[in-house]
Amino acid sequence: MKTINKISFNDIESIPQLVKDFLNQKIEGFEENTFSLEHFRKQIHLKKDAFTQSQRETLSGTLARQMEELKLSSGQKENLEKLKLPDTFTITTGHQLNLFSGPVFFVYKILQTIKTCTWLKENFPDFNFVPVYWMASEDHDFAEINHFRTENNYYEINEKSGGPVGRIKISDTFFISEFEKEFKDSVFGTELILMLKEAYKTDNTLTQAIRILVNRLFSEFGLLIMDGDARELKEQVKEIFRDELENFSLYQQSKEKVDFLTARYGKVQVNPREINLFYLSETRDRIDFDGQKYNIVDTPISFTKEEILNELEKHPEKFSPNALMRPVYQEKVLPNLAYIGGNAEIMYWLELKDYFSRIGIPFPLLIPRNSMLFLKEKTLGKISKLNLKIEDFFGSFTDVTNQKILQDSTVLKLLEEKEALLEKGFSELKAVAETTERSFGNMVKAEEVRQLKSFKRMKKRLLHAEKIKQNELLERLENLFLEVHPSKTWQERIYNFSVFFSDYGYAWLENCLEEMVVQESRLIIVAI
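All of these numbers come straight from a predicted model, not from anything done at the bench.

Some words on the packing of helix α7 (residues 189-199) against helix α8 (residues 206-218)
Part 1 of the reasoning: Contact geometry for α7 and α8: axes closest at 8 Å, N-to-C directions at 145°. Crossing of α7 against α8: the hand is right-handed. Residues Glu191, Leu194, Met195, Glu198 and Ala199 of α7 form the contact with α8, whose participating residues are Ala209, Ile212, Leu213, Arg216 and Leu217.
Part 2 of the reasoning: For the contact of α7 with α8, the residue count by class is 7 nonpolar, no polar and 3 charged.

Pasting the structure below:
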């Protein structure tokens, strides 16, 4: 494995402008929420003052209970104890409970969280920094998480869903035998198969499965694995949930930021609701207020104001945050400094800053995670042979293709020469026409537009003709694009980590960790 390039997000066309502006400190009010030594220094003191010893004891005890069935590394045991100390802070990432981790970027975001803690310890040796993976165990969209893909196959499970996905028990294990067929002859295939079988045993919940898998992959790095579906943690956010039910505070306090981001960037990632909470019964359903009662959508359950507040007081575990309230819950129960997430996550966190101020919780630093791309030497050879650069695959590849198709066209060269002569002729003619009657000058301009449009039509028709003539080259370019972008999107959003682990094992994880850039958001391209 050899890293061949690390491209800044600023140089990648498809990275959202909002994320680029955030990274470049061009969004007013968020300048100090970006990655820097000084910003971390300020955040340490903010969070230290806002997180109590009682919260630390609860957090450490809860995590210890949640992870008690796992074989913990010495680093994990130390980190559980360190959480009780006032000089210990967390760096967090979160993700859904995708089958066998889902797309490989799941691994990248956890590794960057781990490496950020190492970087912070080097720069702030008097403090401790603990990496945390927050499991989105309360999500209810099972169809989003019940599958994963390799280069050759698609795997999925079918289970009864509707409630929190973390509570679903595994009964469908057919995918394991199919996976075994694909990987049994791989160098590290046996390790992968054992990993899969251990995690996805019949009657394990999906929460247990992901916890076991993540621990197998990252325990030696000291990673702690957190499940927010816990009464003792939700006890700490009862007042925030009460305020949400009574005053619709998140909706009210985020409105200004949402309007600002919508006006500047066209839309926001997630639109706040009046009540950003779900109610957990047999299913997980949204809470809606009709002016008199609190109704649990799609169920016959409803509460008066007094009843729902009483339910919250007695059973906080039955109330579940939605995508926008989850960051608030997380930051309330963790001594957290920074959140590492994908572009979409960063964009919806930005909506929340004013709300964080209202409820008195320090807003964390936000770090758009690194992306990684692993390309075979054979693919890189094809790219080089066509005189292309890897950067060409992260702009408009249609433009790149058109340029390649037409690069040796004598017809295009002649057309461009004649077009230039036409523009020069009309430039001279317009200068003279301006000395005559106005309508004549307008006619000359209109005629220039008409004739130049003809040249555009001819070039478009030429491109079409050349694509037919050079069909073999066009097919090579299209196939090469799909080697870089399987299913026409970024590799990390399609393939499961098993594609790479099967050949390199834990050395692949170590290599990813080594190549991660914590100070900047980059696309890291590695030859394999």
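Some points on the packing of aromatic side chains
Part 1 of the reasoning: Applying the stated rule across the entire model yields 33 aromatic pairs.
Part 2 of the reasoning: Consider the rings of Tyr279 and Phe303, whose centres lie 5.5 Å apart with planes at 65°: the pair is edge-to-face. Of the two residues, Tyr279 is situated in strand β7 (residues 277-280) and Phe303 in strand β10 (residues 302-303); the sequence distance between them amounts to 24 residues.
Part 3 of the reasoning: Among the residues examined, Tyr279 registers a relative accessible area of 5% and is labelled buried.
Part 4 of the reasoning: Ring pairs connect the aromatic residues Phe100, Phe148, Tyr155, Phe179, Phe183, Phe188, Phe497, Phe501 and Tyr506, which therefore count as one cluster.
Part 5 of the reasoning: Its guanidinium or amino end placed over the ring of Phe30, Lys353 lies 5.3 Å from that ring's centre, counting from NZ or CZ.

Observations regarding unusual backbone geometry
Part 1 of the reasoning: Look at Asp203: it is not a glycine, yet its phi comes out positive at around 80°.
Part 2 of the reasoning: Take Asp203: its relative accessible area is 52%, and that puts it in the exposed class.

Focus on helix α13 (residues 325-333)
Part 1 of the reasoning: Taking burial as the measure, the 9 residues of α13 include 8 buried ones, the bulk of the element.
Part 2 of the reasoning: Looking only at α13, the buried set comprises Met325, Arg326, Pro327, Val328, Tyr329, Gln330, Glu331 and Val333.

Regarding the pairing of strand β8 (residues 284-289)
Part 1 of the reasoning: Bridge analysis of β7 against β8 gives 3 bridges, and the strand direction is antiparallel. From the neighbouring strand, Phe278 faces β8, where its bridge partner is Arg286.
Part 2 of the reasoning: In this structure, the hairpin formed by β7 and β8 is closed by a connection of 3 residues.
Part 3 of the reasoning: The hairpin turn running from β8 into strand β9 (residues 294-296), its antiparallel successor, is 4 residues long, and Gly291 in that turn takes a positive phi close to 105°.

Things to note about the sheet that holds strand β6 (residues 224-227)
Part 1 of the reasoning: As summarised here, the arrangement of the 5 strands in space is β6-β3-β2-β12-β13, forming an open sheet in which the pairing is parallel. In the strand order of this sheet, the two ends are held by β6 and β13 (365-368), each with one partner. Looking at each pair of strands side by side, their axes are set apart by 30° on average, direction ignored.
Part 2 of the reasoning: Most of the contacts of helix α2 (residues 37-50) go to strand β12 (residues 336-341), to which it runs at about 125°, and overall it touches β2 (88-95), β3 (128-135), β12 and β13.

Here's the deal with helix α11 (residues 249-265)
Part 1 of the reasoning: Across its 17 residues, α11 extends 24 Å between first and last C-alpha, which sits within 8% of the 24 Å expected from 1.5 Å per residue.
Part 2 of the reasoning: Regarding α11, the residues found buried are Ser249, Leu250, Ser254, Lys257, Val258 and Leu261.
Part 3 of the reasoning: Buried positions along α11 lie against α1 (17-23), α10 (238-247), α13 and α15 (353-359).
Part 4 of the reasoning: Just downstream of α11 lies Gly266, where phi reads positive at about 100°.

Cut-offs and rules
- Residues numbered from 1 in each chain as written.
- Predicted model: local features only at pLDDT ≥ 70, side-chain atom pairs only at ≥ 80, totals over all residues.
- Heavy atoms only, no water.
- Axes fitted to C-alpha atoms, helices over the stretch in contact; angles between N-to-C directions.
- Helix = DSSP H or I, 4+ residues; strand = E, 2+ residues; numbered from the N terminus.
- Left-handed = near helix turned anticlockwise from the far one by under 90°.
- Contact = heavy atoms within 4.5 Å.
- Nonpolar A, V, L, I, M, F, W, Y, C, P; charged D, E, K, R; others polar.
- Phe/Tyr/Trp six-rings, centres within 6.5 Å; stacked < 30°, edge-to-face > 60°.
- Buried < 20%, exposed > 50% of the residue type's maximum accessible area, 1.4 Å probe, protein only.
- Lys NZ or Arg CZ within 6 Å of the ring centre and 35° of its normal.
- Pairing = 2+ DSSP bridges.
- Expected span 1.5 Å × (residues − 1).

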